[in-house]
Structures are given as structure tokens and as C-alpha cells.
Amino acid sequence: MQTVTLIPGDGIGPEITEAVVKILKEAGAEIEWDIQEAGADVSEKEGSPLPQRVIESIKRNKTALKAPVTTPIGKGFRSVNVALRKELDLYANLRPCKNIEGIKTRFDNVDIVIVRENTEDLYAGIERKIDENTAESIKIITRHASKRIAKFAFDYAVKNNRKMVTAVSKANICKLSDGLFLECTKEIAKNYPDIEYREILVDNLCMQLVQNPEKFDVLVLPNLYGDIVSDLCAGLIGGLGVAQGANIGIDAAVFEPVHGSAPDIKGQNKANPTALLLSAIEMLKHINQQDIALKIEKALYKTIKDGNILTPDLGGISSTKEFTTEIIKNLK
């Protein structure tokens, strides 16, 4: 039995969390949940949207499943996601993007994995106002961070039978910073002779992704490009409602959907739990419960392919609970 930190979040978070927990239980997942509240509602009670108890729980359990949380606006609180990444050194953002049969998209052959460096680049937040007309942001790229994200990408490719890793940069312009990133990825690539290594400029990549996405396999990118490209790839497979995510470090991993907390449909029983469920499936693989993960994955894919019971965002008229019940039925 594996203990996993569970952060139900706010907005639609508790609804889709309830759905996913129920599906995992019915599938036979060997998980004991350590429930930790975080987000906007918690900040009013405890003075922070991310209390230290949440961090300690994840450090203790090594693995967390997190629903969307709302970070209060205009109250000085930092993003919960950014804070988690920094506190736990979750240096790799993993975003698999694969077509799901039954979801109509412009392409039906997308199977891309985004590996985004999570700790530096412009997201280091080093900014200053030079004068009233000029502001400056510092882009940080280090050898340490670049080499470990490259190694993560190649290790992922090997473990998941991927054939190619493409490093993405703008090294023709950012010759020193992105140049260092490419230097490091090339160095790491030499240790993986069975994995094809390529390089591409980020603007060219974006053009090719909306023309021939099937050309790409695993993409490894610095933080800013990774943020942008991962959402682009989510658009190729149907949007953020079906986009899973994970933030992974040496000592901990947090699995979460990419979408927000959607407070406008809170409590209406029509939220789509697919992205959180896909994140939970990736989590099950991470904690070596692959058989359960594949069982749930097949049930989810069958539900969407059949198209009889779907939430409104997927083109249906069914509720969150009806969609959940249908997935559970397809587990049998």
C-alpha cells in the first residue's frame, strides 16, 4: 500500500478529485490518501494558500496527486505551483500529449512528450526597473539544470521506448544562454547512442507542430519555451481539459492536470475529470502500479471512444458523476 498526498484544490478541484479517487478505488489501486487542503480558501484560514504542512506531507510521501488550486489575486501570494516546484526542487515538468480516439481534433497522429526545465530561465524572476520607461528581466541558464533536464528526457525516452529526443532553443539569437543549453544536451546525448538526437529552433518547431506534429517524439526545452509549446501541444489533442501533467524531482513528484480551477462551473456537476485522471494514471506508473494504470486508461479511452456518456466540454450532455460511473463500468 502506497501513501500518496492528495490535494483536492478548490473550484472544480474537489469534484474531479472525488471522481478520480472513486475510479482508482474501483480499479484496485493500492493507495492510502493523505488529504491536504491548499488554495485560496485555505489562505483565508491559515494565511497562506500553501501551508508548510502540505510541503511536509509531500516530502514524507514522495508522491502527490494535486487538483487545480486558485491562487488569490492581488493579495501578494505567490503561485502555489511555483512555490511547490521551488520548495521540492521539482525540476522536470512532464507533459505527454497524445490523441484520444473520440475527441475530434485537426490531427489524429499526435504522440508527443514535452520535457520542460522547471527551475530557471526567465522564471527565476530576476527583474528590475531601470527607469520609468525601461524594465529588465534576466534569463538564467545553467549547466547543472540543463544537463539534468536533458538526462531526464533521455532516461524517459529509454524507459518508455521512445526513439528520438529533440532539443529546442533559440540559440541563433541567445547564443550564450541557449547555446549553453544545447551544449549540455549534446553532451548528454552521447551517452544514449540508441536514441536519435535532433535540434530545432523554437519558432520553426511551432510552425512544424501545426503542420506535421507526427514528426516529433520527445521534446526537451528550457522553461519559457516549454511553457508555451506544452500548451500548443495540448491544443493539438483537444485542449487543456484532456492535458495531463507532472512535476518531478529527485525526491518527490507531483501529478496534476494542466487546466485551472474553473470557479464559474464549481458545484454544477459538469466538470471533466479526464485531465486529472490521466495525471493519476501517470502517477500509478510512477509508483509501479502499471497494471492498474493500464486498466484505468483502457476504461477511460473506451468511454470517450463510445461517446455515449460525455461531459459538455467533450461534446456530451452528461454530468461528472455519470461520466465517472461509465468509466467504472468499463473497468469490468
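These figures come from a predicted structure and were not determined experimentally.

Participant: Help me out: how do you make sense of the packing of helix 7 (residues 202-209) against helix 8 (residues 223-236) in this one?
Facilitator: Helix packing geometry: the angle between the two helix axes and the distance between the axes. Between helix 7 and helix 8, whose axes approach to 11 Å, the crossing angle comes to 5°. Viewed along their axes, helix 7 and helix 8 adopt a mutual orientation that is roughly parallel. Touching V202, L205, C206 and L209 of helix 7 are Y225, V229, L232, C233 and L236, all from helix 8. Considered class by class, the residues forming the contact of helix 7 with helix 8 number nine nonpolar, no polar and no charged.

Participant: Quick question: what am I supposed to make of the packing of aromatic side chains here?
Facilitator: Any two aromatic rings considered together are summarised by their centre-to-centre distance and by the angle between their planes. Counted according to the given criterion, the structure contains three aromatic pairs. Relative to F152, the ring of Y91 has its centre 6.1 Å away and its plane inclined at 85°; by these criteria the two rings are edge-to-face. Here Y91 is found in the loop between helix 4 (80-88) and strand 4 (92-98), whereas its partner F152 is found in helix 5 (residues 143-159), with 61 residues between them in sequence. Classification of Y91 as buried rests on a relative accessible area of 11%.

Participant: Would you explain the pattern of salt bridges in this entry?
Facilitator: A side chain with one charge can pair with a side chain of the opposite charge if their charged atoms come near. A full pass over the atoms with the stated rule returns 20 salt bridges. Two residues, R95 and D231, come together in a salt bridge whose shortest N-O distance is 3.1 Å. A residue pair is termed long-range when its members are at least 10 positions apart, and R95 in strand 4 and D231 in helix 8 qualify at 136 residues. Where R116 meets D227, a salt bridge forms, and the shortest distance between an N and an O atom there is 3.7 Å. Of this pair, R116 sits in strand 5 (residues 111-117) while D227 sits in helix 8, and the two are 111 residues apart along the sequence.

Participant: I would appreciate a short explanation of the sheet that holds strand 5 in the present structure.
Facilitator: Sheet strands line up and pair through hydrogen bonds in the backbone, either parallel or antiparallel. Sheet architecture is open: ten strands sit in the order 2-1-3-12-11-4-5-10-8-9, paired in mixed fashion. In the strand order of this sheet, the two ends are held by strand 2 (31-35) and strand 9 (196-201), each with one partner. On average, each strand axis in the sheet is tilted by 25° relative to the strand beside it, whichever way the strands run. Note: strand 11 (residues 244-248) against strand 12 (residues 253-257), five bridges, orientation antiparallel. In the sheet register, A246 faces strand 12, and the bridge partner there is F255. In this fold helix 5 packs onto strand 4, strand 5, strand 8 (164-169), strand 9, strand 10 (218-221) and strand 11, with an angle of close to 155° to the strand it touches most, strand 5.

Reading guide: rules and limits
- Residues numbered from 1 in each chain as written.
- Predicted model: local features only at pLDDT ≥ 70, side-chain atom pairs only at ≥ 80, totals over all residues.
- Heavy atoms only, no water.
- Axes fitted to C-alpha atoms, helices over the stretch in contact; angles between N-to-C directions.
- Helix = DSSP H or I, 4+ residues; strand = E, 2+ residues; numbered from the N terminus.
- Parallel < 35°, antiparallel > 145°, perpendicular 65-115°, else oblique.
- Contact = heavy atoms within 4.5 Å.
- Nonpolar A, V, L, I, M, F, W, Y, C, P; charged D, E, K, R; others polar.
- Phe/Tyr/Trp six-rings, centres within 6.5 Å; stacked < 30°, edge-to-face > 60°.
- Buried < 20%, exposed > 50% of the residue type's maximum accessible area, 1.4 Å probe, protein only.
- Salt bridge = Lys/Arg side-chain N within 4 Å of Asp/Glu carboxyl O.
- Pairing = 2+ DSSP bridges.

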